[in-house]
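# Results of the structural survey
Residue-level listing of the chains:
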Amino acid sequence: MVVDRSASAGEDPCSALPASLRQLARHGALTHFRRGEHLIEEGTRGDTLYIVVSGRVRAFCGSERGREITLGTYGPGEYVGEMSLDGGPRSASVEALEPTLCAMVTRVTLKRHIAADPEFAFELLAKVIGRARAATLSAKQLALNDAYGRLKGQLESMAAPDGRIAQRLTHRSLGNLVGASPSMVTRLMKDLELGGYLSAGKDGLVLLRPLPSRW
């Protein structure tokens, strides 16, 4: 983690952020994180919001047995850490998937920003509600669907209209997203390739036709 002093030299890396976040980010401490470095550790306490200026981060939960489930990945113009602004423990860990620059905003700074721009409170609330709904849906899928059903739903949600999935995914990262082991994902993906449902080449994943409802 390295604090960025470039803003004081006249550069403004926050200029490309959405207008609703730009001013808030400018009041935060610009900090670089290396690939694989943790911004947030699950279970710790903190009152800092992390606005992603560049790069990409992953929010995930882990177990004592070393298994993980990915809650989401976030890029420029998104933020993480809002769930602990009530002073409670962090509900998930967050790691940098690539070299990432974040604006770290304290709770005190956020309160001042909301006082000056009350509309941002509604945006923050909408973000929290949206992520709570996503977590509820994920829990429902884990409880009601088998491994293939969860994989099917994940692939379909990530695919563009032409079937292409832009995000680079390993079988381990897919397993973390759907709550399945990498070996299970490998077997299912191989079966789908053999069945002519998807292509996994150097250009990434492509869904060639609608995936079957069951496997």
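## Here we look at helix H2 (residues 107–116)
Taken together, the buried positions of H2 are Thr109, Leu110 and His113. Each buried residue of H2 lies within a common arc of 100 degrees when the element is viewed along its axis, so the set occupies one face. Opposite its buried face, H2 presents the exposed residues Lys111, Arg112 and Ala115, each directed more than 90 degrees away.

## Thoughts on the sheet that holds strand E12 (residues 204–207)
Pairing is antiparallel across the open sheet formed by 3 strands, whose spatial order is E10-E12-E11. This sheet does not close on itself; its edge strands, each paired only once, are strand E10 (164–165) and strand E11 (198–201). Pairing analysis gives 2 bridges linking E10 to E12, with the strands arranged antiparallel. Residue pairing in the sheet places Ile165 in a bridge with Leu205 of E12.

## Structural notes on the side chain of Gln154
Take Gln154: it is sitting in helix H4 (residues 147–158). On the accessibility criterion, Gln154 (19% relative accessible area) is buried. Excluding its chain neighbours within four sequence positions, the residues that come into contact with Gln154 are Leu174, Leu177 and Val178.

## Notes on the pairing of strand E6 (residues 68–74)
As defined by bridge partners, strand E5 (residues 57–62) adjoins E6 across 6 bridges and the pair is classed as antiparallel. Note on E6: the bridge partner recorded for Val57 is Tyr74. Connecting E5 to the next strand, E6, in antiparallel fashion are 5 residues, including Gly66 with a positive phi near 90 degrees.

## Details of the packing of aromatic side chains
Using the criterion set out here, one finds 2 aromatic pairs in the structure. Measuring from ring centre to ring centre gives 6.5 Å for Tyr79 and Phe120, while their planes differ by 45 degrees; the resulting arrangement is tilted. One end of the pair, Tyr79, is in strand E7 (residues 79–80); the other, Phe120, is in helix H3 (residues 119–144), and 41 residues separate them in sequence. Taking relative accessible area as the criterion, Tyr79 reaches 1% and is therefore assigned buried. The residue whose ring lies beneath Arg58 is Phe60, and the NZ or CZ to ring-centre distance is 4.1 Å.

## A few points about the pattern of salt bridges
Applying the stated rule across the entire model yields 8 salt bridges. Among the ionic pairs, Arg58 bridges to Glu68, the shortest N-O distance being 2.9 Å. A residue pair is termed long-range when its members are at least 10 positions apart, and Arg58 in strand E5 and Glu68 in strand E6 qualify at 10 residues. Residue Glu95 is joined to Arg58 by a salt bridge in which the shortest nitrogen-to-oxygen separation is 2.9 Å. A residue pair is termed long-range when its members are at least 10 positions apart, and Glu95 in strand E8 (residues 93–96) and Arg58 in strand E5 qualify at 37 residues. The exposure classification of Glu95 matches that of Arg58, with both residues buried. Salt bridges linked by common partners bring Arg58, Glu68 and Glu95 together as one network.

What counts as what
Residues numbered from 1 in each chain as written. Predicted model: local features only at pLDDT ≥ 70, side-chain atom pairs only at ≥ 80, totals over all residues. Heavy atoms only, no water. Buried < 20%, exposed > 50% of the residue type's maximum accessible area, 1.4 Å probe, protein only. Helix = DSSP H or I, 4+ residues; strand = E, 2+ residues; numbered from the N terminus. Arc of directions from axis to C-beta. Pairing = 2+ DSSP bridges. Contact = heavy atoms within 4.5 Å. Phe/Tyr/Trp six-rings, centres within 6.5 Å; stacked < 30°, edge-to-face > 60°. Lys NZ or Arg CZ within 6 Å of the ring centre and 35° of its normal. Salt bridge = Lys/Arg side-chain N within 4 Å of Asp/Glu carboxyl O.

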